[in-house]
Amino acid sequence: MLGFIFRRFLWMFPSFFAVTVVAFVIIQLPPGDFVTSYAADLATSGSPADSATLDALRLRYGLDQPMVVQYFTWVGNALKGDLGMSFEYRSPVSDIIWDRLGMTTLVAFCTLAFVWLIAFPVGIYSAVRQYSIGDYVVTFLSFLGMATPSFLLALVVMYLSVEFLGYSVGGLFSPDFVNAPWSWARVVDLVQHLWIPVVVLGVAGIAALVRIMRANLLDELGKPYVETGRAKGLPETTLILRYPTRVALNPFISTVGWVLPVLVSGDVIVSSVLSLPTSGPILIQALKTQDMYLGGALIMFQCILVLIGTLMSDILLAFVDPRIRYDN
Amino acid sequence: MMAHAAGTVTDAGRGFRTTRRRATGLIAAFGALCLGATAASAVEYKQAPMLDELVKAGTLPPVAERLPKDPRVVTPVEKVGKYGGTWRSGMVGGSDRNWLFRMAGYEPLLAWDREWSGKVIPNLAAEISNSADAKEYTIKLRQGLKWSDGKPFTSDDIGFFINDIAGNKELLANGVDWMMSGGELGKFEKIDDTTFKITFKEPYGVFPQKLASVYGVQMTMMAKHYCSQFQPTYNKDGLDALIKEAGVANWTELFIKKCAVDTEANERWQNPDRPTMEPWVIKDPYIGGATLVTLKRNPYYFKVDPEGNQLPYIDDLSVSVNADKQTLVLKVVNGEIDYQDRHVNANANRAVFADAAEKAQIHLSDGPNADMNTTIISFNLTHKDPVKREIFNNKDFRIGLSYAIDRQAIIDAAFVGQGEPWQAAPRKESPYYNERLAKQYTEYDVAKANEHLDKAFPKKDSEGFRLGPDGKRISFNIMVIPALGDFLDSTQLTAQYWQAVGVDAKVQTVDRTLFYDRKDSNDHDAAVFLGSGGMGDALFEPTFYFPFWNETLFAVPWGNWYASGGKAGEEPSAAAKKQMDLYREILRSADVAKQNELMQQLLNIAADEFYAIGINSPGPLFAAVKNNLHNVYPRPFAWTYPSPVASNTEQYYFDPPR
């Protein structure tokens, strides 16, 4: 088992190297560079820059160097903890992303908790009471939830909260608390705003999970070991929760690795719509303006999360499911 | 603006100022000993209540000591205001610094007048005069100006900018374009603490306007006492420590980070320690993760209203950083914005705001759009392919295509009926209006269109498309950036009209970086952009009147040729060269009448050459304004006249207070 974990761990390094290359190439793929998009930006705001100024900028940011050189400068500095400069914000990438990643993690975990808290009981209910009225209602609602685009839901919820609750638009704080130091009042303010993205992001996830849980559990419910338990006189609730539900959890564990990055990146459009101080909106912006160090750093962090998540789920699965044997 | 070849601009002097003069004159007649003290005490200056407390507590000198001896008196748009309140507004994304500039960042030596009649008026400078040959300018600053940290603003600060920043090759390899004449930077000579002289190598008549335009702000942005610590000339020993502390690579990066250098730099809004001359100073900076940027009142601001109240009236600015324009629109609808034009003033939003007006307590304030065209289609007259070059350079071909467009139909369909058929020409409101250039070939006349096209390329193929000189169908792409402006619909409609007269025009939508890549390398057939330089700024942004620089889409290599002084690009046509000579002459002339006359000659050549095809002049733009925000002027929307700040945002006030 330890040997397996160790080998899995070692594989992360070449994978990591590969994803940094991919991340960098993706950002370099569009024509032009940051300076081109900067020039376009200036021209549309009615203040075009002349070509000499732009060339000077390219020189300053090292954009005149070949791509390979730029890549190794970037990776080399990143390994030393220097993620480079954001061209657009004109400040170090690390200054920009840590706060944002913190907020992103907060939103992500609240959403995950919300999703699991609702999806598991509902999914179990739906499976146990298959074809009952309750099951049909749950099924209908979950299909509806899966079919609704999150960004649309975000717009609707935002409109409703403005129209009926009188909240300020966008963000995770009221204007008075945005730049305030942490205090109890600020936490309360955060909670008042946090439920909107959590609900919006969670709906699709809940819907999907309910369906998966229902299907998995239905597979297990008809199996002989359930019948045996019942025959031996176990109370129904204990029986269901202790045995088939545990087996039905298997797919959740094996996909835990995907949950992390999906929560971080899946919120990109929703957070843009809701103007959340998370990493999504700045990732979009960075990709649009070819702010390559900022975009690269964010993509790299997501890749790292995938790697860590996959490692976690592999290990968990090996522990939880005795049917899986990695060691010969 | 200079009225004569050699002239002087001085403070107009409004009500309160005359009183002060009379008072001091009276005292002088009695042989007063100390003019400075009496001048200050002769007028009761008032200040914001929040500053009263600070003065009482002794942390701030009294208002009369903070103001210069002759503060600039700003006449309010409606009436004298009340102190207090927070101006709430919004930006989109991480590089939207120019909205902050447009709210609060315009304090040049000379400023545009509110109406943008083309006049410049004294701002930080009290007086400017020039020699007859427009080579030498003598500028007097107001006496006793102070930076926001209370230190004096003097000639040395200007000298620091000219000698140590504009003239520093390490910091700015290309120099500062608007401070140069004849390829050389103007020379600075200090006369005393408030008087200095700038001498140019060649006549530079438009220098006062350059001072008032957005780039002129650069000259008054850097406080020598603060910024010099980031330069090796002044701080040899301490610099390394500062570089290390700031985490930058070298002193130039450090300097830019701390003091900004460009008018448009993000860094202007990132360092709360940097002293400024502006009405509000940065409190919560516009740095990476920021979602709310705030500014607070500058207690040393140098302007007063006619009753002697120190400006600004409004205490604070609070500007949210949004990820999306629509969020900002919703904020306006929700009543969370006090004044906003940027990002929300698309025509499509008019109805949305009208519906929300009552609930959000807002109204729309219309102002003329200084752009002269919504859609300018430029054929690449310098195309790399000789056949296409020949086709595009055929003037009959371009005239025919211009007649083929039903502009009014496009205006109705794509621009909700706003604007009138217009070529690439200054607007009616502009001092440089040229009717021939604006209206020629704008009527919709298919017969005339075919007549001209037949003169150029009469042969057609079996499908009715015209054949070029190489016997192949005339077919080209019109490159458009759909993400910017409203010009996609108008271009698509135009292409349909051109198809109808047998010219195979196709619209090609591209990302804006690809657009820039292609036009910079001269790889486009035709390209679309909106037309700036519609009003007084035609003089400074003649982009579509002659090949001025690489933004001139009809001949990028010619533009590069001019901008580089003949070192890059391609030698232009004789007509374009004549225009370039005229333009150089305009820049040299200090005589407004002569400038106008030369500009007309330049525009007449543009009309003869008919470089680019325009669709319509844009209708008015608007700002969403809270009903309790007053003194808002219906300013022109332009870049050279940075609106709304150039209409004196410091005299905005709230009544009743929020």
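Once a new chain begins, its residue numbering starts again from 1 and follows that chain's sequence as written. Chain A is the first chain written and ligand 1 is the first ligand written, with later ones labelled in order. Only residues with pLDDT of at least 70 get local features here, since the model is predicted, and only at 80 or more are side-chain atom pairs given and counted; chain-wide, interface and lining totals rely on the full set of residues. Excluded from the side-chain calculations are hydrogens and water; all other atoms, namely the structure's heavy atoms, are used.

1. Comments concerning the packing of aromatic side chains
All names here are of chain B. Counted only if it meets this: A pair of Phe, Tyr and Trp rings is counted when the ring centres sit within 6.5 Å of each other, with Trp represented by its six-membered ring. The angle between the planes then sorts it: under 30 degrees is stacked, over 60 is edge-to-face, the rest tilted. Labels follow the DSSP assignment, with helices taken as runs of H or I lasting at least four residues and strands as runs of E lasting at least two, numbered in each case from the N terminus. Burial status follows relative accessibility: with a 1.4 Å probe on protein chains alone, a residue under 20% of its type maximum counts as buried, one over 50% as exposed, and anything between as partly exposed.
In total, this model carries 57 aromatic pairs over all chains according to the counting rule given. Aromatic pair Y441 and F610: ring centres 4.8 Å apart, planes at 65°, arrangement edge-to-face. With Y441 in the loop between helix 16 (435-439) and helix 17 (446-456) and F610 in the loop between helix 22 (592-609) and strand 22 (612-614), the pair connects residues that are 169 residues apart, well separated along the chain. Residue Y441 shares its accessibility class with F610, and that shared class is buried. Through pairs of rings, three or more aromatic residues link up here, namely F379, F392, F397, F457, F476 and W498.

2. Considerations on the interface of chain A and chain B
Keep this limit in mind: Working rule for contacts: check all heavy atoms of both residues, and any pair within 4.5 Å makes them a contact. Simply put, the buried area is the total loss of 1.4 Å probe accessible area from both parts when two parts are fitted together. The term salt bridge refers to a pairing of a side-chain nitrogen on Lys or Arg with a carboxyl oxygen on Asp or Glu at a separation within 4 Å. Whenever a nitrogen or oxygen atom comes within 3.5 Å of another N or O atom, the pair is scored as a polar contact, on the condition that within protein one atom can donate a hydrogen and the other can accept it, and that pairs from neighbouring residues in sequence are kept only if both atoms are in side chains.
Residue-level contacts link 47 residues of chain A with 43 residues of chain B. In total, about 3,900 Å² of surface goes out of reach between chain A and chain B, with carbon and sulfur atoms giving 55% of it. When the area that chain A buries against chain B is broken down by residue, the three leading residues are Y89, R90 and V169 of chain A, summing to 14%. Here chain A is connected to chain B by 0 salt bridges. On the surface where chain A and chain B come into contact, there are 4 residue pairs in polar contact (both at pLDDT 80 or more). Here the side of chain A that touches chain B gets 9 residues from one element, more than from any other, and that element is helix 2 (residues 34-44) of chain A.

3. Notes on the sheet that holds strand 17 (residues 362-367) of chain B
Residue and element names in this part refer to chain B. To be explicit about the condition: At least two bridges found by DSSP between two strands are what make those strands a pair.
Ordered in space as 16-23-17, the 3 strands form an open sheet in which the pairing is antiparallel. Whereas interior strands pair on both sides, the edge strands pair on one side only; in this sheet they are strand 16 (339-340) and strand 17. In the sheet, strand 17 pairs with strand 23 (residues 621-626) via 6 bridges, with the strands oriented antiparallel. Considered in strand 23, the bridge of D366 is made with F622.

4. A short note on the sheet that holds strand 21 (residues 526-531) of chain B
All names here are of chain B. Rule in force here: Only C-alpha atoms enter the line fits that serve as axes; for helices the fit covers just the stretch in contact. Angles between N-to-C directions range over 0 to 180 degrees.
Judged by pairing direction, the sheet is mixed, and its 5 strands sit side by side in the order 20-19-21-18-22 without closing on themselves. Looking at which strands have only one partner, the edges of the open sheet turn out to be strand 20 (504-509) and strand 22. Taken over all neighbouring pairs, the strand axes of this sheet differ in orientation by 30° on average, direction set aside. Relative to strand 22, strand 18 (residues 373-379) runs antiparallel, the two being bridged by 3 bridges. Considered in strand 22, the bridge of S378 is made with A612. On the sheet, helix 18 (residues 487-500) packs against strand 18, strand 19 (475-480), strand 20, strand 21 and strand 22 and is oriented at approximately 160° with respect to strand 20.

5. What about the state of the cysteines?
Residues and elements named next belong to chain B. So the rule is basically this: The definition used for a disulfide is geometric: two cysteine sulfur atoms within 2.5 Å.
Across all of its chains, the model carries 1 disulfide over all chains by this definition. Here C227 connects covalently by a disulfide to C259, the sulfurs 2.0 Å from one another. Every disulfide takes its handedness from the sign of the S-S torsion; for C227 and C259 that torsion is -100°, giving left-handed. Highlighted residues: C227 in helix 8 (residues 224-227) and C259 in helix 10 (residues 251-259), separated in sequence by 32 residues. A single burial state applies to C227 and to C259, both of which are buried.

6. A look at the packing of helix 7 (residues 150-164) of chain A against helix 9 (residues 184-221) of chain A
All names here are of chain A. In plain terms, the rule: In this scheme, roughly parallel covers angles under 35 degrees and roughly antiparallel covers those over 145, while 65 to 115 is roughly perpendicular and the rest are oblique. By the definition used in this description, the sense in which the near helix is turned from the far one sets the handedness, with an anticlockwise turn below a right angle giving left-handed and a clockwise turn giving right-handed. Just so you know the grouping, Ala, Val, Leu, Ile, Met, Phe, Trp, Tyr, Cys and Pro go in nonpolar, Asp, Glu, Lys and Arg go in charged, and all remaining residues, Gly too, go in polar.
One can describe the packing of helix 7 onto helix 9 by two numbers: an axis separation of 9 Å at closest approach and a directional angle of 150°. Here helix 7 is positioned roughly antiparallel relative to helix 9, judged by the angle of their axes. As for how helix 7 packs across helix 9, the hand of that crossing is right-handed. From helix 7, S150, L153, A154, V157 and S161 reach across to helix 9, where they touch W195, I196, V200 and V203. Counted by class, the contact of helix 7 with helix 9 contains 7 nonpolar, 2 polar and no charged residues.

7. Description of the environment of D52 of chain B
All names here are of chain B. Summarising the element assignment, D52 is placed in helix 3 (residues 49-57). For D52, a relative accessible area of 35% gives the class partly exposed. A sequence separation of 11 residues divides D52 from V63, and the C-alpha atoms of the two residues are 8.8 Å apart.

8. Observations regarding the nonpolar core
Selection criterion: Working definition of a nonpolar core: buried Ala, Val, Leu, Ile, Met, Phe, Trp, Tyr and Cys residues. They are joined through side-chain atoms within 4.5 Å.
Residues F255, F397 and W498 of chain B are the most contacted members of the largest nonpolar core, which totals 216 residues. Apart from residues lying up to four places away in sequence, W498 of chain B is in contact with I377, F379, L401, A404, I405, F476, I478, V503, A505 and I613 of chain B. Counting residues in each nonpolar core, the second largest holds 23 residues, with V107, Y167, F173 and V270 of chain A among its members.

9. Some points on the confidence of the model for chain B
Residue and element names in this part refer to chain B. Where we set the bar: pLDDT expresses, on a scale from 0 to 100, how confident the predictor is about each individual residue.
Per-residue pLDDT for chain B has a mean of 89; in total, 93% of the residues score no lower than 70. Here residues 1-5 is modelled with pLDDT under 50, and outside its nearest four sequence neighbours on either side it reaches 16 contacts, counting other chains as well. Taken together, the stretch residues 12-41 has pLDDT below 50 and engages in 24 contacts with residues farther than four places along the chain or on a different chain.

10. Here we look at the pattern of salt bridges
Residues and elements named next belong to chain B. Under the criterion given, the structure shown has 37 salt bridges over all chains. Here D96 ties to R342 by a salt bridge, and the two come within 2.8 Å at their closest N and O atoms. Of this pair, D96 sits in the loop between strand 3 (86-92) and helix 5 (97-104) while R342 sits in the loop between strand 16 and helix 12 (349-360), and the two are 246 residues apart along the sequence. Assigned by exposure class, D96 and R342 land together as buried. Linked by salt bridges that have partners in common, D461, E463, R473, D504 and K506 make up one network.

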